Amino acid sequence: MPKVDKEMHKDGDFLVDYEEKVFEDFKADPGDKALVTFHTVAFEGSISIVNTLSATRLLRKGYETSILLYGPGVTMGFQRGFPTLGDEAFPGHLFVNQRLAKFMEEGGKVYACRFSTQALYGQTEKAFIPGIIPINPLDVLDCILLHKKANAVIMDSWTV
């Protein structure tokens, strides 16, 4: 075996160049909108984490940003905790809840489908994180169409 004569990496080392930015730091024009949709189960893969962060970034870039939770995506908006609501059973357990709450604190809107909430997951609107706006299932398509008509940036998140 060839001998590798290289110092081991240690905490604080950089493995890639974080300073170089290839694209301009784009900002929204007044009135620009963005929509991030979620049709995914909370904590199933990284979509619920990555795209809540992306939604917050869009908001901070000046977009009037909304999140749409439908189908299994409504599970992202449910209050959770163990042994009681709000208790973090392990580090990261409430990350999605915390990201949605932070997004709303910064002015973003979160909509969640009432049909999915009741018919698919047997929950009521009282299960949602405070601030989430329950909507009629017919509003899901209209929300998307209104954003398309406004030439909004739309990020659709699906997991199968």
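In this report, the structure presented in the accompanying data block is examined. What you see is a predicted model; the values in this text were computed from it and never measured.

1. Structural notes on the environment of Ile129
Logical step 1: Mapped onto the elements, Ile129 comes out in the loop between helix H3 (114-120) and strand S4 (133-135).
Logical step 2: Separated by 51 residues in sequence, Ile129 and Phe78 place their C-alpha atoms 5.9 Å apart.
Logical step 3: Those residues in contact with Ile129 that lie beyond four places of it in its chain are Met76, Gly77, Phe78, Gln79, Asn97, Leu100 and Met104.

2. What to know about the layout of surface pockets
Logical step 1: The computed volume of the largest pocket comes to approximately 150 Å³.
Logical step 2: For the largest pocket, the full set of lining residues is Lys33, Glu64, Ser66, Tyr111, Ile135, Asp139, Asp142, Cys143, Leu146 and His147.
Logical step 3: When residues of the lining of the largest pocket are traced back to their parent elements, those giving at least two are strand S2 (64-69) and helix H4 (137-149).
Logical step 4: Considering every element that reaches the lining of the largest pocket, the biggest residue donor is H4, with five residues.
Logical step 5: Here the lining of the largest pocket is built from residues that sort into four nonpolar, two polar and four charged.

3. Focus: the packing of helix H1 (residues 47-60) against helix H2 (residues 95-105)
Logical step 1: The N-to-C vectors of H1 and H2 enclose an angle of 15 degrees; their axes lie 10 Å apart at closest approach. Relative to H2, the element H1 is oriented roughly parallel. The crossing of H1 and H2 is left-handed. Along its contact with H1, which presents Ser48, Ile49, Thr52, Leu53, Ala55, Thr56, Leu59 and Arg60, the element H2 presents Phe95, Val96, Arg99, Leu100, Lys102 and Phe103.
Logical step 2: The residue inventory of the contact of H1 with H2, partitioned by class, reads eight nonpolar, three polar and three charged.

The rules behind each value
Residues numbered from 1 in each chain as written. Predicted model: local features only at pLDDT ≥ 70, side-chain atom pairs only at ≥ 80, totals over all residues. Heavy atoms only, no water. Helix = DSSP H or I, 4+ residues; strand = E, 2+ residues; numbered from the N terminus. Contact = heavy atoms within 4.5 Å. 1 Å grid on protein atoms, 1.4 Å probe; cavity = no way out; pocket = protein on both sides within 12 Å on 5 of 7 lines; lining within 4 Å. Points joined across faces, edges and corners; volume = space filled by probe spheres on them. Nonpolar A, V, L, I, M, F, W, Y, C, P; charged D, E, K, R; others polar. Axes fitted to C-alpha atoms, helices over the stretch in contact; angles between N-to-C directions. Parallel < 35°, antiparallel > 145°, perpendicular 65-115°, else oblique. Left-handed = near helix turned anticlockwise from the far one by under 90°.

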